[in-house]
Amino acid sequence: MGKVICAGLGPGDPDLMSVRSLRAIEGARNVAYFRKAGRKGQARNLVDGLLPAAVVEHAMEYPVTTEIHFSDPEYNRLLSTFYDQWADTLAELTQSDDVVVLCEGDPFLYGSFMHLYTRLTDRVEMEIIPGITGMSGCWTASGQPITWGDDVLTVLMATLDEDELATRAQNTDALVVMKIGRNLPKLRRALERAGRIEDAWIVQHGTMAQQQVHKLSELTGDVPYFSIVLIHGQGRRP
């Protein structure tokens, strides 16, 4: 019997991958990774040049990403079936060998792997290798500590409705907002209502070669998927 090994790849710079993840990847005989149909996939890009020549690749292509809103029952049905099928496939592969599943950032922080984990917990042995989170890479790239002393840090998804975003942004010391993309106009309005827009920074492609850091109030145009908005805490310090 083999096992499923989920390797956290870190925030985007391959040099920030853990030694433990690197060892798992370099020794993999089967490697699986999520990707959008027709794309190579960010996780796969991060391990270019690291995989053994004889490795067998298993691309787990999402049946839907943003084509249907996540509140639509059809969205959940399609993704649930997708995760069920891939859990079965991975469990079958472990009958004879280990499978390394690649996961950007940390596997247990908003990662797709969690949906496989809950389906496989009682079926196969698993090993989870943590990774540096994307948000950690981004606040380090901003050149400022994200929290001081007793600061409360809140992590939000920009997919929340505008009222919720505004309320939570107003009632926290430090803030991280993920899943920006097409939600940026809504997030701007929410931060303006909360009186926090001038404190906000946006980091695009954090830790990657194309990294950019801007004040959110000065940014124009669209932003890529790999973007995070930050508001730094200003709390107690000696």
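Residues numbered from 1 in each chain as written. Predicted model: local features only at pLDDT ≥ 70, side-chain atom pairs only at ≥ 80, totals over all residues. Heavy atoms only, no water.

Caption draft 1: Quick look at the packing of aromatic side chains. Overall, the coordinates contain seven aromatic pairs when judged by the stated rule. Aromatic pair Phe34 and Phe82: ring centres 6.3 Å apart, planes at 55°, arrangement tilted. With Phe34 in strand β2 (residues 30-36) and Phe82 in helix α3 (residues 73-93), the pair connects residues that are 48 residues apart, well separated along the chain. The exposure class assigned to Phe34 is buried, which follows from its relative accessible area of 10%. (Phe/Tyr/Trp six-rings, centres within 6.5 Å; stacked < 30°, edge-to-face > 60°. Helix = DSSP H or I, 4+ residues; strand = E, 2+ residues; numbered from the N terminus. Buried < 20%, exposed > 50% of the residue type's maximum accessible area, 1.4 Å probe, protein only.)

Caption draft 2: The sheet that holds strand β10 (residues 227-231), seen in detail. With respect to topology, five strands assemble into an open sheet ordered β6-β7-β10-β8-β9, the strand pairing being mixed. Of all strands in the sheet, those bounded by a partner on one side alone are β6 (153-157) and β9 (212-215). Ignoring strand direction, the axes of neighbouring strands in this sheet form an average angle of 20°. Pairing of β6 with strand β7 (residues 174-178) involves five bridges; the strand directions are parallel. Residue pairing for β7: Leu153 is matched across the bridge by Ala174. Contacts from helix α7 (residues 184-193) reach β7, β8 (200-204) and β10 within the one sheet, and its direction differs from that of β10 by about 0°. (Pairing = 2+ DSSP bridges. Axes fitted to C-alpha atoms, helices over the stretch in contact; angles between N-to-C directions. Contact = heavy atoms within 4.5 Å.)

Caption draft 3: Broad picture of the UniProt feature "domain: Tetrapyrrole methylase" (unreviewed entry) in the chain. Within this numbering scheme, the UniProt entry marks residues 3-217 as carrying the feature "domain: Tetrapyrrole methylase" (unreviewed entry). Across residues 3-217, helical content stands at 32% and strand content at 23%; the span's end C-alpha atoms are separated by 48 Å. (UniProt positions renumbered as here; feature names shortened; annotations may be inferred.)

Caption draft 4: Molecular detail of the pattern of salt bridges. For the structure on display, the rule yields 17 salt bridges. Put simply, Arg236 and Asp150 hold a salt bridge, and the shortest N to O gap is 2.8 Å. Of this pair, Arg236 sits in the segment after β10 while Asp150 sits in the loop between α5 (134-141) and β6, placing them 86 residues apart in sequence. There is no split in this pair, since Arg236 and Asp150 are both exposed. Here the residues in one salt-bridge network are Lys40, Arg44, Asp48 and Glu57, joined through shared partners. (Salt bridge = Lys/Arg side-chain N within 4 Å of Asp/Glu carboxyl O.)

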